[in-house]
Amino acid sequence: MVVAMNGAACYHCGESVSAHALIRADLDGAERAFCCTGCRAAAEWLHQGGLADYYTLRSEVTGRVDAAQDFGDWDSAGFRRLYVHDIDGQSECDLSIGNIRCAACAWLIDRVGRQMPGVAAITVDPATTHARVRFDPARTSLSAIAARLAAIGYAPRIVQDPADAKRERRQSLKRLAVAGLGAMQAMMFTEALYWGADELDVGTRDFFRIVAMLVATPVVFYSGFPFFRGAWRELSLRQPGMDVLVSLSVGLAYVASVIETLRGGPAVYFDAAVMFVFLLGAARHVEAIARARATERLQLIASTQHQHADRIDASGHASAVALSELRHGDRIRVASGESVPVDGRLQSSAARVDESLLTGEAEPVPRAIGDTVLAGSVALDTPLLLEVTAVGTATRLGQLRARIGTGLHLAAGSTELGQRIAARFTLAMLVVAALTGLYWANVDAARAMPAVLAVLAAACPCAFALALPASLAAAHSMLAKHGVIVTRPDALTRATRIDRIVCDKTGTLTEGRPRLIEAFSLDAAVPRARALAIAAALERGHRHPLAHAFREFDCGVEVEAAQALAGSGVLGQVDGQTWRLGRADWSAASDGDDIVLANAGGVVARFRVADRLRAEAVDAVRDWQRFATVEVMSGDHPDAVATVAGVLGIDARGRLTPEQKRAAIQALRAQGHRVLMIGDGLNDTESLAAADVGVAMGGGAAIAQCHADVLLLRDDLRLVRLLIDTAQHARRIARQNLGWSIGYHLMIVPFAVTGLMSPWLAAVGMAASSLLVTLNALRLRRAPVMRVPDARKQATEVHA
Amino acid sequence: MNILLVLVPVSLALIGLAIWAFFWAVDDGQFDDLDTPGFHALDDDKAPEREDPQA
């Protein structure tokens, strides 16, 4: 949900546009406003190409179109060797496409592909953002396809083929289909035995039994294979859990039925075995798909980073090589705007890099010749020439990742409540079944087998085993529908008792992007709008955060000899005059915090630029305060943090290093608090992993997302409340389900032990009980309605 | 009841057929993306025109 300021939003990306923005276009008779020229170009191109339907089909708006990116090196021989495969004379390449929000995006990209000459197909999976491009290398080039996608706002990145995940998903679907069809058939044949049990002659009865066995066998061994595999793993780890229980029930019911069929005994239980496999398989499939898609998406994002580099050989020739081929002492080139793949010593001229991924500081950092540039930082205005000093896990970034990895490993050691109960339940039921068998064997040998089977059928923990997975599956799929992806299975359990919420500031509570708040013209000859247009022209093409603030005012003023001066500002020639835009002491030798536009005659205009609170932040924080203490921890200047905290009415801690943040969270946990941390940058990664529940904003750094428990695909803070509410609701339902299934078993097992209940009646009870538990869990799918904040009331601006 | 000897094998054969068809559809990628194809029904009948390669 994107909210518009003053009722105006960019027609293409939905970003709010101030009322005096100048970028407009006439589309099919209606005038539309845009946030930047890139979005306008995209919308115009879509309208001309007859693809305007996209705007009516989409359910979520896309991201904005970023400044033109150069894909020239995507056609180089080295690049082709690394990422492009040739199949039947055509080339194939795997991409991850940025800004895919809904199925309409995938539709649009498919259409765009069909319009381009030489492109056979672009197949997009909107859930994971993976796309496979198939094209004719003789008629088009990969760079042309990439540039076209980027031009309409879908910047592609190279990724590895996620074939394994897809194969697993298909396999799981096949197992489920066999289980479903097989279960229905087996039910049908065994049902016939129940209804006509007394009238059937022995021949017909055995015929039905053999047919049911034929149908049940593939269900048990093919569809049920994951349970047996899981049971084997649990046993080899000496931690018997749900899979052991399930395998035992299915295995015993199947083996007993086969024995009964062969010896012509009183009853068979194929239906119980297959129904169990089907119901449990379905619940697990839904839950696993919801989670697997999320992790797949993250893995895809993670695999996009730094896979190749441009190595410069002795003759000065550049070629793309895989990162694994880089050695200490190699020289590589990093284009401006790209992130540095290795730690290296700067050899080219002094440059500015953005280390926000590592330190959280948005301010660009100057680096001189001989300085070390760290992996993960972004080259800002000039290309870098680096001598490699560390690669892969030896880089600072790699060490950080390894540290986070070990933290996670420790946290995963705790076992789940359900697992422990299941293990005890299994043991208890096996003992009861054995005792029953022993008793009846001594009292009345003919009744021993039916009694044991009735106990096992009655104890068959279908409802019990379904109780947790069914509620988890329903909760996961409901949350996923609202853009909340839970990546760790136990995160929901831990989200139920949160009493502390810790937020990062920039990018989490605020939008993380400076915006223009005020503009004054001080020179009558240059009106405000003109001053903004000149400022926008000067900032055009620059990547530092300030440039964002002026982008929406760019109306195509020509600028010559534009250049950026590190840490000061930009200058260039417009209409034959030299203009400077930047810090007051540099551009006009005056003072103040404002951004100043000046020419030879002195100050022309002053602009005030600041980060802004998210539209929903005030509402969301007030909502959290009903059940938790909210606090902001940031690496920024304490005054800036205090201003934000003041507006929201929460505690603040400023100028914290990532290590201090992590320590603060660990201290809170040591005091017995349950901490939920919300963050977006790499500097938050350690604290996200340290908190009970780490929530990463979808717009943030990929590495933060990979180490969070929960990922918000939409940058909407109110989703945190949805997460907590759903977790609590899921826990309530899981408890009801567990209560029911335990109560049911306690009630029914005595009848089975005493031989009063026939095995088939126990099986029917089992099925009804499972159905009840499943339907109860489905109640979770009804989501609470979220209130939509009124953006106009809450356009709270803060200096940051 | 002899008719069962015909009907039951027939039903088993149909099941086999259904499972084979489903496996084929899964391997064909028809279940990989369940959202986007819905949009193709809303398309105009004519395919979008290819751009002029010279353009």
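Above: the structure in question.
What this report covers is the structure whose coordinates are included nearby.

Here the focus is the overall build of chain B. Scanning chain B from terminus to terminus reveals 2 helices and 0 strands. Taking all 55 residues of chain B together, the buried fraction comes to 4%.

A word on the environment of alanine 454 of chain A. All names here are of chain A. For alanine 454, the position within the fold is in helix α14 (residues 448-459). Given 30 C-beta atoms within a 10 Å radius, alanine 454 is considered buried. A C-alpha to C-alpha distance of 5.3 Å links alanine 454 and alanine 752, two positions 298 residues apart in sequence.

Turning our eyes to something else, we now look at the sheet that holds strand β15 (residues 378-379) of chain A. All names here are of chain A. Sheet architecture is open: 3 strands sit in the order β13-β12-β15, paired in antiparallel fashion. The strands lining the two open edges of the sheet, one partner per strand, are β13 (365-367) and β15. Note that strand β12 (residues 351-354) and β15 share 2 bridges and pair antiparallel. Across the sheet, residue valine 353 finds its bridge partner in β15, namely alanine 379.

Residues and elements named next belong to chain A. Here strand β21 (residues 569-574) pairs with strand β22 (residues 577-583) via 6 bridges, running antiparallel. From the neighbouring strand, leucine 571 faces β22, where its bridge partner is arginine 580. Counted between consecutive antiparallel strands, the loop separating β21 from β22 contains 2 residues, among which aspartate 575 sits at a positive phi close to 50 degrees.

Let us now look at the sheet that holds strand β25 (residues 629-633) of chain A. Strand pairing in a sheet is mediated by backbone hydrogen bonds. Such pairs are either parallel or antiparallel. Residue and element names in this part refer to chain A. The mixed open sheet is built from 7 strands, whose spatial order is β17-β29-β28-β27-β18-β25-β26. The two strands at the open ends of the sheet, each matched to only one other strand, are β17 (484-486) and β26 (651-653). Each neighbouring strand pair of the sheet contributes to a mean axis angle of 20 degrees, computed without reference to strand direction. Here β17 pairs with strand β29 (residues 710-712) via 3 bridges, running antiparallel. The partner of valine 486 across the bridge, within β29, is valine 710. Where helix α22 (residues 638-648) meets the sheet, it contacts β25 and β26, and its direction lies at approximately 165 degrees from that of β26. Here helix α26 (residues 719-753) sits on the sheet and contacts β17, β27 (675-679), β28 (693-697) and β29; the angle it forms with β17, its principal contact strand, is near 50 degrees.

With 13 residues, helix α4 (residues 103-115) of chain A should cover 18 Å at 1.5 Å per step; its first-to-last C-alpha distance of 19 Å lies within 8% of that length. Burial analysis of α4 of chain A places 10 of its 13 residues in the buried class, the great majority of the element.

Here we come to the interface of chain A and chain B. The partner chain B presents 22 residues to the 26 residues of chain A that form the contact. Secondary structure elements with two or more residues in the side of chain A that touches chain B: α2 (53-57), α4, α6 (163-195) and α7 (202-223) of chain A. The greatest single-element share of the side of chain A that touches chain B, amounting to 8 residues, is contributed by α6 of chain A. Residue classes in the side of chain A that touches chain B are distributed as 13 nonpolar, 5 polar and 8 charged.

It is worth spelling out the nonpolar core at this point. Soluble, globular proteins show a tendency: their nonpolar side chains are buried together. Residues and elements named next belong to chain A. Counting 119 residues, the largest nonpolar core has Ala216, Ala273 and Val274 as the members making the most contacts within it. In terms of residue count, α26 provides more of this core than any other element does, 12 residues in total. Apart from the residues within four sequence positions on either side, alanine 216 is in contact with Gly182, Ala186, Tyr254, Phe270, Ala273 and Val274. Listed in part, the 46 residues of the second largest apolar core include Ala33, Ala42, Tyr54 and Leu108.

Bringing unusual backbone geometry into the picture now. All names here are of chain A. The backbone phi angle of aspartate 575 is positive, close to 50 degrees, even though this residue is not glycine. Tracing the backbone shows aspartate 575 in the loop between β21 and β22. Given 11 C-beta atoms within 10 Å, aspartate 575 falls into the exposed group. One non-glycine residue, arginine 655, lies in positive phi territory at about 45 degrees. Inspection of the secondary structure puts arginine 655 in the loop between β26 and α23 (658-670). Arginine 655 gets classed as partly exposed once you count the C-beta atoms within 10 Å, which come to 13.

Looking now at the pairing of strand β6 (residues 130-135) of chain A. Residues and elements named next belong to chain A. Sheet analysis places strand β4 (residues 90-97) next to β6, joined by 6 bridges and oriented antiparallel. Residue cysteine 93 lies in a different strand from β6, and its bridge partner there is valine 133. Examined bridge by bridge, strand β5 (residues 119-125) and β6 share 6 bridges and lie antiparallel to one another. If you follow threonine 123 over to β6, its bridge partner there is arginine 132. The loop that links β5 with its antiparallel partner β6 comprises 4 residues; one of these, threonine 129, has a positive phi angle of about 70 degrees.

Quick notes on the rules
- Residues numbered from 1 in each chain as written.
- Chains lettered and ligands numbered in written order.
- Predicted model: local features only at pLDDT ≥ 70, side-chain atom pairs only at ≥ 80, totals over all residues.
- Helix = DSSP H or I, 4+ residues; strand = E, 2+ residues; numbered from the N terminus.
- Buried ≥ 20, exposed ≤ 12 C-beta atoms within 10 Å, placed from the backbone.
- Pairing = 2+ DSSP bridges.
- Axes fitted to C-alpha atoms, helices over the stretch in contact; angles between N-to-C directions.
- Contact = placed C-beta atoms within 7 Å.
- Expected span 1.5 Å × (residues − 1).
- Nonpolar A, V, L, I, M, F, W, Y, C, P; charged D, E, K, R; others polar.
- Core = buried A, V, L, I, M, F, W, Y, C linked by C-beta atoms within 7 Å.

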